[in-house]
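The residues making up each chain are set out below.
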Amino acid sequence: MLPVASALSNESIRPTRVEVDLGQLGRNLQAIRQHVGAAKVMAVVKANAYGHGLVPVALEMVNAGADSLGVALLEEAVILREAGITAPILVFGGIAETQIPIFIRNDLTLTAPSIDKLNLIDNAAAAMGVTARVHLKIDTGMERLGIHYYSADKLLEASLKARHVQVEGIYSHFANADSADLTHAREQLSRFHEVLSFYEKRSLPLPQRHIANSGAILQLPESHLDLVRPGIMLYGVYPSRKCACTVSIQPALTWKSHVAYFKVVQPGHPVSYGSTWQSDHPVRVVTVPVGYGDGYFRALSNKGEVLIRGQRHPIAGRVCMDQIMVNLDWGTAYYRDEVVLLGKQGGAEISADDLADWAGTISYEVLTNINSRVPRVYV
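Computed from a predicted model, the values in this text were never measured in an experiment.

S.K.: Any chance you could explain the packing of aromatic side chains here in plain terms?
M.R.: The description of an aromatic ring pair uses the distance of the two centres, along with the angle that the planes make with each other. According to the stated counting rule, one finds six aromatic pairs in the structure shown. Ring geometry for tyrosine 149 versus tyrosine 150: centroids 5.1 Å apart, planes at 75°, classification edge-to-face. Under the relative-accessibility criterion, tyrosine 149 is labelled partly exposed at 24%. Seen in terms of ring centroids, tryptophan 255 and tyrosine 296 are 5.7 Å apart; in terms of plane orientation they differ by 75°. Their pairing is edge-to-face. Residue tryptophan 255 is found in strand β11 (residues 253-258), and its partner tyrosine 296 is found in the loop between β13 (283-288) and β14 (305-308); the two are separated by 41 residues along the sequence. The structure contains a cluster of three or more aromatic residues connected by ring pairs, namely Tyr50, Tyr235 and Tyr364.

S.K.: Explanation requested: the sheet that holds strand β16 (residues 324-329) in the structure shown.
M.R.: Paired through backbone hydrogen bonds, the strands of a sheet run either parallel or antiparallel to each other. Read from one edge of the open sheet, three strands run β12-β13-β16, paired in antiparallel fashion. A single partner strand is all that each edge strand has here, and the edge strands are β12 (261-265) and β16. The sheet shows a mean angle of 30° between the axes of neighbouring strands, direction not considered. Of the strand pairs in this sheet, β12 and β13 are connected by five bridges, and their pairing is antiparallel. Pairing of lysine 263 across the sheet is with valine 285, part of β13.

S.K.: I tried to follow the confidence of the model for the protein on my own but got confused; where do I start?
M.R.: Note: predicted coordinates in regions of low pLDDT should not be interpreted at a detailed level. Predicted confidence across the protein gives a mean pLDDT of 96, with 97% of residues reaching 70 or more. Scored below 50 in pLDDT, residues 1-8 shows twelve contacts in the model against residues more than four places distant or in partner chains.

S.K.: Can you walk me through the pairing of β11 in this structure?
M.R.: Within a regular beta strand, the side chains point alternately toward one face of the sheet and then the other, so they alternate between its two faces. Buried residues dominate β11, accounting for five of its six residues. As paired elements, β11 and strand β17 (residues 338-345) share four bridges and run antiparallel to each other. Bridge assignment links lysine 256 to a residue of β17, and that residue is valine 340.

Calculation criteria
- Position labels on residues start from 1 in each chain and follow its written sequence.
- This being a predicted model, a pLDDT of at least 70 is required before a residue's local features are given, and a value of 80 or more before pairs of side-chain atoms are given or counted; all residues contribute to the totals for chains, interfaces and linings.
- Calculation of side-chain values draws on the structure's entire complement of heavy atoms; hydrogens and water are dropped beforehand.
- Stacked, tilted and edge-to-face are the three classes assigned to paired rings of Phe, Tyr and Trp, where Trp is represented by its six-membered ring and a pair needs centres within 6.5 Å; plane angles under 30 degrees give stacked, over 60 edge-to-face, the rest tilted.
- Three exposure classes are used, based on accessible area relative to the maximum for each residue type with a 1.4 Å probe and protein chains only: buried under 20%, partly exposed in between, and exposed over 50%.
- A run of DSSP states H or I qualifies as a helix once it reaches four residues; a run of E qualifies as a strand once it reaches two. Both are numbered from the N-terminal end.
- If DSSP finds at least two bridges between two strands, the strands pair.
- Throughout, an axis means a line fitted to C-alpha atoms (over the contacting stretch in the case of helices), and angles, computed between N-to-C directions, take values from 0 to 180 degrees.
- For every residue, the predictor states its confidence as a pLDDT score lying anywhere from 0 to 100.
- Throughout, a residue-residue contact means that at least one pair of heavy atoms, one from each residue, lies within 4.5 Å.

The following block contains the structure:
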């Protein structure tokens, strides 16, 4: 076991915890690498490594052979540098002018989504007497960040004139690569190739090209290009139920707690806030110390299920901030029995997709919503 970020020992740590199998993360990375062939792999560890823990996961990814790391925010990248990680790190998100020197001092790669931002980076690097590394961001159909594909030549021309900027890469992002219908994704890829023709027409060397996220890694091999950016699939979860499962991956995260209290609830006695659930016969109900204060969605009230002794049991009543009640009916459980909220127990499993379906959201939000109050334990 690796050290837990807490003054408490493993024995005294809160029973509601997330356990992360670092070895499984490494195996997922290797499966992706084998699938994409010659393309390099950028391990995306933004949003606290999709809830798995930023620094431990990033260290594992580098040790397992990731070529680079991808994050959303400058703050995430600085934390990784302070942890001693020297691998290349690309920050996807937009930047403020005052942040640029921090990027450069920490040897981070910036995203340049516009001519204005590119010029700000160039000027800051000139003032510091260094060369900044950037990836140009092209919007091919996401309408989020990046210069439109039909105006991209202007940004590429400006990048040739920048004297203190090294354009290492150029990239875009798919909006629908995890869908059954890949029409729009293929249109985006075509637009990206149109932009890249700028270099071919001028006989210029191509920067590192990348557009493939998890969905595209699985479904659009023609989009793998020079580098791929696995996100959620790195953690053993497919990006959607509609996506082809062409790479064998397994979840690395288990969210668990234990039975904290047991009682028999009589018929006609409602359970939890709002009195939204009651039984018409005596039932055994256990209390589990986890709630929406931990990121366990309140939307799971009267919908979600947990695993106890390898059996699924439903949540009774509303999810509280710190606790849930579970209806065993006449099943058996004892104080301190393990309760699995997400993961496997015996032959049963509750997946991130299950939780997402019950809560009316997506698996990405399920994982990233597990907050810092829940300790992470690494195996």
